[in-house]
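Per-entry structural report
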Amino acid sequence: MQELFSILIIGIALSMDTFSLSLGVGMFDISNKKALRLALIVGLMHFIMPHLGMILGEQLIRFFEIKYDILLGFILIIIALQMIIDIIRHEEDKFNLSLIGMFVFAFGVSLDSFSLGIGLKAITDNIYLAMSVFAICSALFTYFGVIIGRFANKLLGIYANIIGAIILFVLGLLHLL
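The rules we used
Along each chain, residue indices are assigned from 1 in the same order as the chain's sequence is written. Reporting of local features is limited, given that this is a predicted model, to residues whose pLDDT is at least 70; pairs of side-chain atoms are given and counted only at 80 or more, and all residues count toward the totals for whole chains, interfaces and linings. Water and hydrogen atoms play no part in the side-chain values, which are based on all heavy atoms of the structure. Working definition: helices are DSSP H or I runs of at least four residues, strands are E runs of at least two. Numbering for both runs from the N terminus. Contacts are residue-level and defined by heavy atoms, with any inter-residue pair within 4.5 Å sufficient. Under the convention used here, a 1.4 Å probe and the Shrake-Rupley method define accessible areas, while residue burial counts only the protein chains that appear. Three labels apply to residues, based on accessible area from a 1.4 Å probe with only protein chains included: buried if under 20% of the type maximum, exposed if over 50%, partly exposed otherwise in between. In this analysis, rings of Phe, Tyr and Trp, with Trp reduced to its six-membered ring, are considered paired at centre separations within 6.5 Å, and the interplanar angle assigns stacked below 30 degrees, edge-to-face beyond 60, and tilted for intermediate values. Summary of the metric used: pLDDT quantifies the predictor's per-residue confidence within the range 0 to 100.

Turning our eyes to something else, we now look at the overall build of the protein chain. A tally of helices and strands in the protein chain yields 7 helices and 0 strands. N-terminal to C-terminal, the α/β element order of the protein chain is α-α-α-α-α-α-α. Within the protein chain, contacts between residues separated by at least 24 positions form 92% of all contacts whose residues are at least 6 apart in sequence. When the accessible area of the protein chain is evaluated, it comes to approximately 9,500 Å², of which 72% is carbon and sulfur surface.

Here is the structure:
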């Protein structure tokens, strides 16, 4: 029971950045269907990435000095800049998170679960339970982040779009530091 609780806490912690970024994405007019699709893709990536981390992580770390936060930071800044450009062009209602964009977003927010995968065996022997919990937590946090962000957009209008872009940009900068 304590092991499951620990896995759940780790799953929630892994999902917090996903939630905050989903708030920013949700401030644009993202449909329920796209919100659900994004949540499922993020959940899938949070299932796959720890497994890949276990398999490939040790070899990659030996050959390269990878800093996951820097890559995530660049991804977030690129998304934020796209949002800012759309706001300047008055295309905030047309911000379109394509399927490829969803995978890039999901990849960016799952990098931390990749690095966690390197040491996952030290946390639990029940790897598939842990990966499932990570996937469920991140999918739920993504979906509710988009929904709450959309509600904030309706409440605050264009200011919500600006706030969303600023949130993504600042989070991107924080990951670069």
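With that settled, the discussion passes to the environment of Leu173. Residue placement: Leu173 occurs in helix α7 (residues 158-176). Measuring from C-alpha to C-alpha, the distance between Leu173 and Ile77 comes to 7.2 Å, with 96 residues separating the pair along the chain.

Our focus in this paragraph is the side chain of Ser22. Residue position: Ser22 is located in helix α1 (residues 2-26). A relative accessible area of 0% places Ser22 in the buried class. In this structure, Ser22 is in contact with Phe105, Phe141, Thr142, Gly145 and Val146, ignoring residues within four places of it in sequence.

Turning to the environment of Leu99, a few remarks are in order. Note that Leu99 resides in helix α4 (residues 99-118). Taking the C-alpha atoms as reference points, Leu99 and Arg37, 62 residues apart in sequence, are found 8.6 Å from one another. Residues in contact with Leu99, not counting those within four places in the same chain, are Arg37 and Ile41.

All right, on to the packing of aromatic side chains then. Under the counting rule described, the total for this entry stands at 2 aromatic pairs. Plain terms: the ring middles of Phe19 and Phe141 are 6.0 Å apart, the flat faces sit at 80° to each other, and that makes the pair edge-to-face. Here Phe19, found in helix α1, pairs with Phe141, found in helix α6 (residues 127-156); they are 122 residues apart in sequence, far enough to count as distant. Residue Phe141 is classed as partly exposed on the basis of its relative accessible area, which comes to 22%.

Looking at the protein chain as a whole, the pLDDT averages 79, with 75% of positions reaching at least 70. Confidence, expressed as mean pLDDT per element, reaches its minimum in the protein chain at helix α3 (residues 68-88) with 66 and its maximum at α6 with 89.

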